[in-house]
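# A closer look at the structure
Chain by chain, the residues:
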Amino acid sequence: MKNILIQHGRVINPANAFDGQVDIAIADGRILAMGKAPAGFVPDQTLDASDCLVLPGLVDLAARLRAPGTHGHILESEMAAAVAGGITSLVCPPDTEPVLDEPGLVEMLKFRSAGLQQARLFPLGALTRNLQGEVLTGMVELSEAGCVGFSQAEVPIKDTQILLRALQYAATFGYTVWLRPQDPWLGKGVAASGALATRMGLSGVPVLAETLALMTLVALVEASGARVHLCRISSAQGVELVRQAKARGLPITCDVSINSLHLCENDIGYFDSRARLTPPLRGTADRDALRAGLLDGTIDALVSDHTPVDADAKILPFSDAKPGASGLELLLSLALHWARQDKIALPQALAALTSRPAEVLGASRDHATPSIGHLQEGSVADLCIVNPDEEWQVGAHTLRSSGKYTPFEGVWLPGRIRHTLVGGQPVFAAEHASTTLA
């Protein structure tokens, strides 16, 4: 492995609110020193981080990578998009093709991702066979194959008794269940219920679809003792229910999509299918509550909710279009934009992309992961270097993901990634990025 020296950068480690200019020496895939390099350290490569931020590699808790089997090229494009966005660890939901409900499929996905030598991949196993919500999977075997938790992705379990048994099973072995709270009957629409959806003739998803499911989950967590991560909260009432559950000491964490943090139902425009998302975009009051919840710690993590969608599934009438948007390469830039808009200190804003999701992931794996999402001596050298003042325009030509559709298309955003390292190995370098070889 190379010895790497990163010089002249503004280092931010949100885990301990460190923010200062120091050099970082890397050897054997780990951070050897922060500050003056130790005597005898000779770099094979020097990265000039002048005018740049040096950050822990981002930890994304929701990124779909499409197929673990025959479509390896799709996995490759998404992993390349991740490191181009500064993401060094990502969690993959089980709704791949085929569904991750067998140990062999999980092992295949991990093998293929390891061969790419890019971001670290943490798969979620299916909670029920083929995500049908009827027969529980073998969680022990899936965990041994490498799953960090269990999920239904976007398919809610209709039978509450089966859900309770699943949580009891998970609690017995200390597994975390990752669920998006949505009532299976009320959540069938395509836009947030309200005057806008009615005027546009779109079927609505009421806030009650989220809150009813949340109240049920909270009761089941109390009954089972299971640890649950709530995926992509979307409403002000949902944030308040999570806040109350946490105040009672329940083992609950949650995240929010970067789309919901910035957009609202008005961004649907004239039936723009790029804004056809799950969960649907809600009102400005909901968006403001999500921002406040992320800031006060009620919401633990900010995620890309990356869902690459092909043209033939996206360029359709709004109600017929497949929900989802690409987000891996936008996550950091949109977080920087949020910090500027709301005048939030960078260590606090960036914690939602680094140390806080790392803690969620560590708890889900049932052991601490201090080296992921942190920059400290001895930790694994997962990091990114970004110029926060360099802007770039979102477009099909700038995205490496196989999915080119996003409601932010055409928008100029701050933050150009210069370098990404995983385990001390350079996995991405922007054109014209400054580097010196020994």
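Residues numbered from 1 in each chain as written. Predicted model: local features only at pLDDT ≥ 70, side-chain atom pairs only at ≥ 80, totals over all residues. Heavy atoms only, no water.

Helix and strand counts for the chain stand at 13 helices and 22 strands. In terms of C-alpha radius of gyration, the chain reaches 21 Å, essentially the compact-globule figure of 22 Å for 438 residues. Seen along its three principal axes, the alpha-carbon backbone of the chain occupies a region of about 65 × 50 × 45 Å. When each of the 438 residues of the chain is scored for burial, the buried share is 59%. (Helix = DSSP H or I, 4+ residues; strand = E, 2+ residues; numbered from the N terminus. Rg over C-alpha atoms; globule rule 2.2 N^0.38 Å. Buried < 20%, exposed > 50% of the residue type's maximum accessible area, 1.4 Å probe, protein only.)

What follows covers the pattern of salt bridges. As enumerated under the stated definition, the model contains 20 salt bridges in all. Between R120 and D382 there is a salt bridge; the shortest N-O distance is 2.6 Å. Of this pair, R120 sits in strand β10 (residues 120-123) while D382 sits in the loop between α13 (355-364) and β19 (383-393), placing them 262 residues apart in sequence. Given a relative accessible area of 28%, R120 falls into the partly exposed group. Residue classification places D382 among the buried residues on the basis of a relative accessible area of 1%. A salt bridge links E409 to R274; the nearest nitrogen and oxygen atoms lie 3.0 Å apart. Placement of E409 in the loop between β19 and β20 (412-422) and of R274 in the loop between α8 (258-262) and α9 (284-296) is noted, with a sequence separation of 135 residues between them. By relative accessible area, which is 35% here, E409 ends up partly exposed. The exposure class assigned to R274 is partly exposed, which follows from its relative accessible area of 25%. Among the charged side chains, a salt-bridge network with shared partners connects R64, D95, E154, R180, R232 and D305. (Salt bridge = Lys/Arg side-chain N within 4 Å of Asp/Glu carboxyl O.)

Turning our eyes to something else, we now look at the sheet that holds strand β11 (residues 125-126). One open sheet holds the 6 strands; their spatial order is β11-β12-β13-β16-β17-β18, and the pairing between them is parallel. Here the strands that pair on one side only, and so sit at the sheet edges, are β11 and β18 (301-303). Two strands pair when backbone bridges link them, and strand β17 (residues 252-257) and β18 are joined in this way by 3 bridges, in the parallel orientation. From the neighbouring strand, S257 faces β18, where its bridge partner is V303. Contacting β13 (176-179), β16 (227-230) and β17, helix α6 (residues 207-224) runs over the sheet at an angle of about 160 degrees to β16. (Pairing = 2+ DSSP bridges. Contact = heavy atoms within 4.5 Å. Axes fitted to C-alpha atoms, helices over the stretch in contact; angles between N-to-C directions.)

Here the residue pair E97 and P98 is connected by a cis peptide bond, since its omega of 0 degrees sits within 30 degrees of zero. Along the polypeptide, P98 turns up in the loop between β9 (87-92) and α2 (103-116). With a phi close to 70 degrees, H8 is a non-glycine residue in the positive phi region. Among the secondary structure elements, H8 is positioned in the loop between β1 (4-7) and β2 (10-13). Since its relative accessible area comes to 40%, H8 is described here as partly exposed. Positive phi is not limited to glycine here, since Q117 has a value of about 55 degrees. Relative to the elements of secondary structure, Q117 occurs in the loop between α2 and β10.

One open sheet accounts for 3 strands, arranged β8-β9-β10; its pairing is parallel. Whereas interior strands pair on both sides, the edge strands pair on one side only; in this sheet they are β8 (58-60) and β10. The sheet shows a mean angle of 15 degrees between the axes of neighbouring strands, taken without regard to direction. Where β9 meets β10, 4 bridges bridge the pair, whose relative direction is parallel. In the strand pairing of β10, V91 is matched with F122. On top of the sheet, α2 reaches β9 and β10; it is set at about 170 degrees to β10, its chief contact.

Our focus in this paragraph is a nonpolar patch on the surface. Judged by side-chain polarity, W185, L186, L208, L212 and M215 come together as a nonpolar surface patch covering roughly 470 Å² of accessible area. Residue position: L212 is located in helix α6. Relative accessible area serves as the criterion here: at 33%, L212 is assigned to the partly exposed category. (Patch = residues over 30% accessible without salt bridge, like charges linked within 9 Å, V, L, I, M, F, W, Y side chains within 5 Å. Areas by Shrake-Rupley, 256 points an atom, 1.4 Å probe, with all protein chains shown as cover.)

Another aspect to go through is the layout of surface pockets. Take a probe with the size of a water molecule and roll it over the atoms, and the empty space left behind shows itself. One number sums up the size of the largest pocket: a volume of about 660 Å³. D95, E154, T278, K322 and P323 are the residues nearest the centre of the largest pocket, which is lined by 31 residues in total. Across the lining of the largest pocket, the residue classes tally to 12 nonpolar, 7 polar and 12 charged. (1 Å grid on protein atoms, 1.4 Å probe; cavity = no way out; pocket = protein on both sides within 12 Å on 5 of 7 lines; lining within 4 Å. Points joined across faces, edges and corners; volume = space filled by probe spheres on them. Nonpolar A, V, L, I, M, F, W, Y, C, P; charged D, E, K, R; others polar.)

Take the packing of α9 against helix α11 (residues 331-342) next. Relative orientation and spacing of two packed helices are given, respectively, by the angle between their axes and the distance between those axes. With their axes 13 Å apart at the nearest point, α9 and α11 run at an angle of 95 degrees to one another. Considered as vectors, α9 and α11 are oriented roughly perpendicular to each other. Residue-level contacts link R291, L294 and L295 of α9 to W338, Q341 and D342 of α11. Looking at the contact of α9 with α11, its residues break down into 3 nonpolar, 1 polar and 2 charged. (Parallel < 35°, antiparallel > 145°, perpendicular 65-115°, else oblique.)

Here we come to the nonpolar core. In terms of nonpolar packing, the biggest core is built from 98 residues, with L90, L230, L302 and L332 touching the most fellow members. Sort the elements by how many residues they give to this core and α11 lands first, with 7 residues. When residues no more than four places from it in sequence are discounted, the contact partners of L230 are L179, P181, L214, L217, V242, I252, T253, C254 and D255. (Core = buried A, V, L, I, M, F, W, Y, C linked by side-chain atoms within 4.5 Å.)

To continue, consider the packing of aromatic side chains. Two numbers describe a pair of aromatic rings. These are the distance of the centres and the angle of the planes. Scanning all chains against the criterion turns up 3 aromatic pairs. Where F173 meets Y175, the ring centres are 5.7 Å apart and the plane angle is 15 degrees; that geometry is what we call stacked. Feature note: the residues F150, Y169, F173 and Y175 constitute an aromatic cluster, connected by ring pairs. (Phe/Tyr/Trp six-rings, centres within 6.5 Å; stacked < 30°, edge-to-face > 60°.)

Time to look at α11. The terminal C-alpha atoms of α11, which comprises 12 residues, lie 17 Å apart, in line with the 16 Å expected from a rise of 1.5 Å per residue. When we look at burial in α11, the residues that qualify are L331, L332, S333, L334, A335, L336, W338 and A339. Of the residues one or two after α11, K343 is the one with positive phi, at around 55 degrees. (Expected span 1.5 Å × (residues − 1).)

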